[in-house]
Amino acid sequence: MKTLPRPCLLLLLAALVLATMAVSPSGLGAQTARPTKGNGPAARGPLPQPQQTEKDRMNAWTVGLAGGLLEGAPIRLAAEMARVVDDGANLHLIPIVTRGATENLNSLLYLRGVDTAIINSDALEEYKIQVPGIRSHITYLLNLFPSELHIFVRPEITNLQDLAGKIVNFNTQGTAAAYSGPLIFSRLGIQVEQTFIPHQVALEQLRKGETAAVVFITSKPVDAFVRGRWDAGFKFLPVNYDSRFEDYYLPATLEANEYPNLIKQGERVSTIAVPTALVSFNWTPQSNRYQRVARLVDYLFSRIDRLQAPGFDQKWKSINLAATVPGLTRFQPAQEWLDRKARSAQAPP
């Protein structure tokens, strides 16, 4: 047989190499061990099966919880829940620091690894257009606590309409006041000049007359009003609960015993409250993530008395497991747990 010239032979070999690389799986080299130079051991390949099984076991009952800003109450409650429900590989709740409770719904909808979240009920309003039928995608486990609306004003402000066109502070972005405050004012039909600076700074501006009002949305009583010294005339404005607020909010009051320096004995100030709730994505009942959240419900509800003991946030003492959240449907395993508890209480001894 006639042999090919050497240059032609080299070209043919190069073509064969390129053709082989083109048809080989691109990721194959990354998954197999390659020998090292000299007499050293081979590079590490895939993990042995026992380690993979341990990884699966650790992740099977892990629940991600979007908690909010590090300085906020929701992340603190999330951390306390994680302590109480922890059961090793059987249940591991992981609190996640986020941009705030108002952003947690976004995390629940789109962020990987987030199974549950602590949200303000009116966060759903922002998603009504972005996610049609948003209420069918979210289900609640527990109404954690109400965050009362506090509209604190200077002496010359006598009613809500007096705030029209004036400077009103809603705290920093990411807080409940920064999201819910402007939404509530919009429903009231009052246009104000909005600022979003820390409340401590805004309260000093309020004293000087540079700001007309500050809006707090948080659980009462608020230290700034309990411990602060305020001249006569500084006060909370009342907000009446009506049909404009029935979709997300609850009626509430500010009492004299909560703010003795600002509310006269025997009087009260009507306001509204934003429920802060523990919610889950509406997973299908057959999914592993649904099963994880169902186990979380069982552990959390069964151990709620531990959270109400000394050493935990005082908010746990006022929590009612049966309390509802406006605008949302309860997670089915949570409802079933409550139904079993009710039947057990009614059963004869």
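The rules behind these values
Residues numbered from 1 in each chain as written. Predicted model: local features only at pLDDT ≥ 70, side-chain atom pairs only at ≥ 80, totals over all residues. Heavy atoms only, no water. Helix = DSSP H or I, 4+ residues; strand = E, 2+ residues; numbered from the N terminus. Contact = heavy atoms within 4.5 Å. Buried < 20%, exposed > 50% of the residue type's maximum accessible area, 1.4 Å probe, protein only. Pairing = 2+ DSSP bridges. Right-handed = clockwise from strand over helix to strand, strands pointing away. Salt bridge = Lys/Arg side-chain N within 4 Å of Asp/Glu carboxyl O. Expected span 1.5 Å × (residues − 1). Phe/Tyr/Trp six-rings, centres within 6.5 Å; stacked < 30°, edge-to-face > 60°. Lys NZ or Arg CZ within 6 Å of the ring centre and 35° of its normal. Polar contact = N/O pair within 3.5 Å; in protein donor to acceptor, adjacent residues only side chain to side chain. Core = buried A, V, L, I, M, F, W, Y, C linked by side-chain atoms within 4.5 Å.

Re the environment of Val84
And then number 1: Residue placement: Val84 occurs in helix H4 (residues 73-85).
And then number 2: Residues Val84 and Arg303, 219 residues apart in the sequence, show an inter-C-alpha distance of 7.1 Å.
And then number 3: In contact with Val84, other than residues within four places in its own chain, are Arg303, Arg306, Leu307 and Phe312.

Comments concerning the side chain of Asp313
And then number 1: Along the chain, Asp313 turns up in the loop between helix H12 (304-307) and strand S11 (329-330).
And then number 2: Take Asp313: its relative accessible area is 13%, and that puts it in the buried class.
And then number 3: Excluding residues that lie within four positions of it along the chain, Asp313 makes contacts with Arg76, Leu77, Glu80 and Leu307.

A short note on the pairing of strand S1 (residues 62-68)
And then number 1: Of all seven residues that make up S1, seven are buried, and the element is covered over most of its length.
And then number 2: Pairing geometry for S1 and strand S2 (residues 92-97), over six bridges, is parallel. Bridge pairing in S2 links Ala66 to Ile96.
And then number 3: One crossover worth recording links S1 to the parallel S2 by way of H4, and it is right-handed.
And then number 4: Taken together, the two bridges between S1 and strand S3 (residues 116-120) define a ladder with parallel strand orientation. Within the sheet, the bridge partner assigned to Ala66 lies in S3 and is Ala117.

Quick word on the pattern of salt bridges
And then number 1: Summed over all chains, the structure comprises 11 salt bridges.
And then number 2: Here Glu156 ties to Arg154 by a salt bridge, and the two come within 2.9 Å at their closest N and O atoms.
And then number 3: Residue classification places Arg154 among the buried residues on the basis of a relative accessible area of 14%.
And then number 4: Across the salt bridge formed by Asp242 and Arg244, the nearest N and O atoms sit 2.8 Å from each other.
And then number 5: Judged by its relative accessible area of 25%, Asp242 falls in the partly exposed class.

Points about H4
And then number 1: With 13 residues, H4 should cover 18 Å at 1.5 Å per step; its first-to-last C-alpha distance of 19 Å lies within 8% of that length.
And then number 2: In terms of burial, H4 is largely enclosed, as 10 of its 13 residues are buried.
And then number 3: Inspection of H4 places Ala73, Pro74, Ile75, Leu77, Ala78, Glu80, Met81, Ala82, Val84 and Val85 among the buried residues, and these make up the whole buried set.

Description of the environment of Leu108
And then number 1: Looking at the element boundaries, Leu108 is found in helix H5 (residues 104-110).
And then number 2: Of the residues examined, Leu108 reaches a relative accessible area of 3% and is grouped as buried.
And then number 3: Distance from Leu108 to Ile119, taken between C-alpha atoms, is 9.7 Å for residues 11 residues apart in sequence.
And then number 4: Leave out the neighbours within four places in its chain, and Leu108 touches Val114, Asp115, Thr116, Ala117, Ile138, Val279, Ser280 and Phe281.

Section: the packing of aromatic side chains
And then number 1: Taken as a whole and assessed by the stated rule, the structure comprises 16 aromatic pairs.
And then number 2: Consider the rings of Phe225 and Phe236, whose centres lie 5.0 Å apart with planes at 90°: the pair is edge-to-face. You can see Phe225 sitting in helix H10 (residues 223-226) and its partner Phe236 sitting in strand S8 (residues 235-236), a full 11 residues away along the chain. No difference in accessibility class separates Phe225 from Phe236, as the two residues are buried.
And then number 3: When the ring of Tyr248 is compared with that of Tyr249, the centres are 6.3 Å apart and the planes differ by 90°; the resulting orientation is edge-to-face.
And then number 4: Relative accessible area serves as the criterion here: at 0%, Tyr249 is assigned to the buried category.
And then number 5: Put simply, the rings of Phe152, Phe216, Phe225, Trp230, Phe234, Phe236 and Tyr259 touch in pairs and so form one group of aromatic residues.
And then number 6: It is Arg207 that lies over the ring of Trp230; its NZ or CZ is 3.9 Å from the centre.
And then number 7: Between the NZ or CZ atom of Arg295 and the centre of the ring of Trp61, over which it lies, the distance is 3.5 Å.

Description of the side chain of Arg330
And then number 1: Topologically, Arg330 is positioned in strand S11.
And then number 2: There is a polar contact of 2.9 Å between the side chain of Arg330 and the backbone oxygen of Ala322.
And then number 3: Reaching out from Arg330, the side chain makes a polar contact with the backbone oxygen of Ala323 at a distance of 3.4 Å.
And then number 4: Not counting chain neighbours up to four residues away, the residues in contact with Arg330 comprise Thr139, Tyr140, Leu141, Leu321, Ala322, Ala323, Thr324, Gln335 and Leu338.

Thoughts on the nonpolar core
And then number 1: Formed by 46 residues in total, the largest nonpolar core has its most connected members in Ile138, Ile151, Leu163, Phe185 and Val279.
And then number 2: Where this core is concerned, the elements lending two or more residues are H5, S3, strand S4 (138-153), helix H8 (176-188), strand S7 (213-218) and strand S10 (268-281).
And then number 3: Residue contributions to this core peak at seven residues, all from H8.
And then number 4: Dropping the residues within four chain positions of it, Ile138 is found in contact with Leu105, Leu108, Leu109, Leu124, Val279, Ser280, Phe281, Asn282 and Leu328.
And then number 5: Core analysis: the next-biggest nonpolar cluster, separate from the first, contains 36 residues, Val85, Leu91, Leu300 and Ile304 among them.

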